[in-house]
Each structure stands twice: as C-alpha cells, then as structure tokens.
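# Observations on the three-dimensional arrangement
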Amino acid sequence: MYIKKYQETWDLEGLFPGGSDSSKFREHIAISIDEIDKLSTYVHKFEPLKEEAEVEALREMVGQFEIVVKKVRQAGAFVSCLEAQNMEDKEASTLRGRVTELSTTFQNVLTILDGKLSLYSDIEWDSLFKGNDLEELYFVLSERRTAAKEKLSEVEETLINKLSVDGYYGWGQMYDTIVGKIQIPFEEENLSVGQAANKFSSPERMVRKKVFSEWEKAWDANGEVLAKTLNHLAGFRLNVYGMRGWSSFLKEPLAINRMQEETLQAMWNAIAKNKQPFVQFLDRKAKLLGLEKLSWYDLDAPLGKVETKMSYQEGAEFIIKHFEQFGAEMAAFAKKAFEESWIEAEDRKGKRPGGFHTYFPESAQSRIFMTYSGTPSNVSTLAHELGHGFHTYVMRDMHTLNRNYAMNVAETASTFAEMIVSDAAVKAASTEEEKVVLLEDKIQRSIALLMNIHARFLFETSFYEKRQNGLVSKEQLNSLMLDAQKEAYGDSLEEYHPSFWGSKLHFYITGVPFYNFPYTFGFLFSLGIYAKAIEEGKGYEEKYIALLKDTASMTVEELAYKHLQIDLTKEDFWNSAIELCIKDVEEFLALTNE
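Residues numbered from 1 in each chain as written. Predicted model: local features only at pLDDT ≥ 70, side-chain atom pairs only at ≥ 80, totals over all residues. Heavy atoms only, no water.

## Focus: the side chain of Thr392
Mapped onto the elements of the fold, Thr392 is located in helix H16 (residues 376-394). Reaching out from Thr392, the side chain makes a polar contact with the backbone oxygen of Gly389 at a distance of 2.7 Å. Setting aside chain neighbours within four positions, we find Thr392 in contact with His357, Tyr359, Ser366, Arg403 and Tyr405. (Helix = DSSP H or I, 4+ residues; strand = E, 2+ residues; numbered from the N terminus. Polar contact = N/O pair within 3.5 Å; in protein donor to acceptor, adjacent residues only side chain to side chain. Contact = heavy atoms within 4.5 Å.)

## Side note on the sheet that holds strand S4 (residues 356-360)
Read across the sheet, three strands follow the order S3-S5-S4 without closing on themselves; strand pairing throughout is mixed. The open sheet terminates on both sides in strands that have one partner only, identified here as strand S3 (343-344) and S4. Here S3 pairs with strand S5 (residues 365-369) via two bridges, running parallel. By the bridge assignment, Glu344 is partnered in S5 with Phe369. (Pairing = 2+ DSSP bridges.)

## Quick notes on the pattern of salt bridges
Taken as a whole and assessed by the stated rule, the structure comprises 32 salt bridges. For Arg244, the salt bridge is made with Glu157, and the minimal N-O distance between the two is 2.8 Å. Highlighted residues: Arg244 in helix H10 (residues 223-244) and Glu157 in helix H6 (residues 154-166), separated in sequence by 87 residues. Among the charged side chains, a network of salt bridges with common partners joins Glu344, Glu346, Arg348 and Lys351. (Salt bridge = Lys/Arg side-chain N within 4 Å of Asp/Glu carboxyl O.)

## Section: the side chain of Asp584
Looking at where Asp584 falls in the secondary structure, it is placed in helix H24 (residues 571-591). A distance of 3.3 Å separates polar atoms of two side chains, one belonging to Asp584 and the other to Lys442. Sequence-distant contacts of Asp584, defined by excluding residues within four places in its chain, comprise Leu439, Lys442 and Ile443.

## Some words on the nonpolar core
Of all hydrophobic cores here, the largest spans 151 residues; its most connected members are Phe323 and Leu386. It is helix H18 (residues 432-467) that contributes the most residues to this core, 15 residues altogether. Those residues in contact with Leu386 that sit more than four places away from it in its chain are Ile319, Phe323, Phe333, Ala334, Ala337, Phe338, Ile343 and Ile368. Core analysis: the next-biggest nonpolar cluster, separate from the first, contains 46 residues, Ala75, Ile112, Trp125 and Phe369 among them. (Core = buried A, V, L, I, M, F, W, Y, C linked by side-chain atoms within 4.5 Å. Buried < 20%, exposed > 50% of the residue type's maximum accessible area, 1.4 Å probe, protein only.)

## Overview of unusual backbone geometry
Phi at Glu187 is positive, roughly 55°, even though this residue is not glycine. Its place among the elements puts Glu187 in the loop between strand S1 (184-186) and strand S2 (189-191). According to the relative accessible area criterion, Glu187 is exposed, its value standing at 62%. Backbone geometry at Phe514 places phi at a positive 50°, although glycine is not the residue there. As for its position among the elements, Phe514 is in the loop between helix H20 (500-503) and helix H21 (517-536).

## Side note on the pairing of S4
Across the five residues of S4, four count as buried, placing the element largely inside the fold. Note: S4 against S5, five bridges, orientation antiparallel. Residue pairing for S5: His357 is matched across the bridge by Ile368. Counting the residues between successive antiparallel strands, the hairpin from S4 to S5 contains four residues, one of them, Ala364, with a positive phi of roughly 55°.

## Some remarks on helix H14 (residues 312-326)
Its 15 residues give H14 an end-to-end C-alpha distance of 22 Å, which sits within 8% of 21 Å, the value for a rise of 1.5 Å per residue. Among the residues of H14, Tyr312, Gln313, Gly315, Ala316, Phe318, Ile319, Ile320, His322, Phe323 and Phe326 are the ones counted as buried. The elements touched by buried residues of H14 are helix H15 (328-339), S3, H16, helix H17 (407-427), H21 and helix H22 (541-549). (Expected span 1.5 Å × (residues − 1).)

None of the figures reported here should be taken as evidence of function without further support.
Written out as structure tokens, the structure is:
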C-alpha cells in the first residue's frame, strides 16, 4: 500500500500567499475592519425592549457577530503561525500589532453589545429565546450578559480595551521580543531557546548540565526586564480587577474556564495528598541514572540505551494507526492533517520554542506547530496537538459562537489523544528495557502535570498575592519560584530552576490568566474519559464526540455530570484519576526493582 511522504513544514501559502508580505492578508484585515463597522452599526441600532422585531434584530446582530469572529480569528491564527516559524520576522511583529488593534476594536463593539444584553431582566431574557432558532445560543449569550453585569460601565470598559493595546498587550509582545533575541551558547554555535530546550532530553548529563548552566545565565541576564514585563502584566490585570470590584484574582481564570473554585481546590487537594508515589519515581530515576538526586535538567533525561527514536514519517504513521484503533474519525482527521501539510515540525534555528494548535475558521483548517526531533516525547506532543485539532474538527458544523470552548476542556481533548499514543507505545514495547523507557516517558507527563504545573500555580498564586502590595523584584520572583518548585516536587530535587518564571511563555500570555491549572484539569478529566473509552472499546468514539461538542455550551461541572455522571467538586473523582497515574509508577518501580 502506498503511503504518502509527509512534509515536515506546514503550508501557509494556501491560506494567505506571500507570508508576512501577503497582500491577500492585508486585504483580509481591511475587510475585517469593514465587517466590524457593520457589526457596530447593528449594535448601536439595537434597542432592547423597544423593538417589535426584537428577535429578528438580535438574529441579524448575532449573524454579523459570527462573521467578525471568523475574520478576527483567521487573522490571529495566521500571525501566530508567522511569528512561531521565524522569530526574526519583523514584519510579522508589525502584523501582530495590527491584529491586536483589530481585536481591540472588535472587543469595544462587544462591550457595547454586552451592556445592552445586560438590560434585560431574567424573565425578559428567557422569553427572548423561547421557540426560535436563537435558543441554541442561550448559554453563550447568557454568559456574556452575566459577565457584563459584573463589569464597569461601557465607557470605562471601552477605555480599558483601548489602553490595553499599548499597555497590557504591549507588555505581552515585549516578552516575545526579548525571547526572540535570546541565544544559548553551546559548543561552537548559538542555539535558539527552542533548540536549547531540546538538549535537556540528551542522554549525556554533561550536555544537559552545560546547556542548563548557560540557560540560567541567559534568563538571569534578562531578568530585570523580564521582571518588569511580568509585573506590569499582572499590575494591569489587578488594577482592572480592583476597578470592577473583584476581590479574587482567580475570578477571571475560573470564569474563562467555566469552573467553580470548589472544583479547582478539590483537584489540587487530591494532588497534594498523592505526591509520595511520584517522589518515589523521581528517586528511582535518580538511582537508575547513578545519581543521589535528580536536578531540574535531569527530569527529561532518557533512561537506558534503547533506541526509541522515530522519524517524522514513522511518528505520523504510528499516531494514525493507533487513532484508528480508537475511532475512524480521529484517524481520518490526523491523516488529513499530515497529507495536507497542516503541521510545522522541522528542527531548525529561529523557531519559537514549544508547540501549539491554531484554527482557521474561514478555511476550516488547523495548523500545528512544534519542533520534532524523534523522541517519544515529540511523538506524544504531536498527538497532543492533533487532539486539539480533532476537537475543532468535530465542531466544524456547529454555530461559531458555540465553538468557543475553554482551555481546560481543550486540554482534555489533547491529553486524551496523547494517552492513546503513549499507551500504545508502552504496549508495543518488544523488550522489558524498552518498556521501561516508554513507561518512564509516559510517567514524565504525570510529573509535568501534577508537579511542574502545580509549581506554576503555586508560584503564580504567591506572585499575585505579593503584586497586590507593589512591584516584585527579580530576586523575590526567583525565591517564590524556588519555594513553589520545592513544594510541588516534594523537595525531591537537588537543583531547581529559579528563573523558570522568566523562561516560561505561559506566564506572559495575555489571553488567559493563570495559564496553568487548565492543563492539569484536562489531564485528569481526560483520564476519566479514557477509562470509559477502554471499557467500551471502539464504539466509544461517538459518545466522545458528543462530549466534545458540548464543551463550549455548559460549565465543566455540568459537562462531567451529563457525560460521565461525576461530581467534580468532590475529591473522589480526582483521587480515582490520580490512581491511574500511580499504577504506571507502581509498574515502573516493579520493573526497575533490581
């Protein structure tokens, strides 16, 4: 059977030819501005409780809202791709500024719209949706209406949006500029931060240690400006929260993720009580590497000398094969992504570190970004991002406003896909030594999500508490991070990464505050879904797709109860999910007992 050779670079030409010089993209921006103006006209004309054709007016307004959402997201996705593939692309940075202005203009119009929606009483609001096609949008529009009631006046919120362009978003872009210029010296070359990060999975400890030493120096050298950037981002947020009368800095991230604080606390409480098996794993890994204790730069070190690398082609075929064993639709989506060059995976200089998935709603296409070097972790990352893509794919025929799922459930879909592949890799191991290597890689994701992410949450919580009382210095940030890492890792490491607050992009993302706990939520929630999938077999895909389709139109508590009959505000579910991770650790400890 002929299998197409998959390209390691993505195709952006089919979206907007010419890259950052694309005239078609500039035309798209101009059209988007016109469409926002049309929406603004609809919004300003809309008079709640005064029109006879009120439902029709709302329907027209919502229709235009959908057009603009697609335009703005298409633009944002394209610029994200340009910036990621080449951090030296100065024109892409200019385009980012234009897209930010576009988004802010759009947000200003939505602020007016939301203010008008908030004028309805509950009875009037409910009656507006009964017996017509707007009923499918009841949840998402009600969410906007409720949020508007908790904000400032239209004039004040519009001013905040305008000031955000050069303030809040400006500081976020500053971080990208700083990171784009950082180089990590190694042997006789300078590595980008993405290339340097890949060295932490080197089998040679001297390589890892040397890169980490230069890594720390680089972030420390930029520490003062990074500290200012982080402080001003948090300061902007906190000032806005204060003006709105919000007492908790978790209010916004919880609302964005459509979850209750009780759910968040139940999750972290369960994790805190179950750290010991993972500390045992880290101690055993240290022993297997001939060390007293692991250091930060040893966490991703491979075990053994088993050759587990896969070429990009092999990795792609492995993913498609095992997606197929879960369900035909997931496999078909993955194959489409590889065949149509939706993935940027080439290992080269100048790329942004990390990985992401983005969606182009007008084109109904995804793009996936990562740097692939053939490790089991790379294969898992690729499956993870394809999971994000599948999530958007199954929602492709739904109303655009019903497709804005939150980050925590987005991470559920990606982690589910990742688990299919990592489980398959462990089961396909031909020797006990290979099984240990692959099992260790799988457990590393539990360590990342139950320890590393926990450290990020602990740090960010402490940082925001301190930031409420003034600026937090670079030295204080280092200290807060060190404390957070020691607590999260059960003080099991010899050397930590105190400048992690500077090296991690997620602390500087403006779109979502507390860009951490949703990962852990998604990981553990997906374990519950995965257990169901194993129990029911290949036929579960239909139920899984039904769950994904509901992710943007109900709270996570409602979603879990409807599809899994579980209560997320209780520790029971979280304990049972963590227990599945502990079983992997127990198997690893048994296999490496000698």
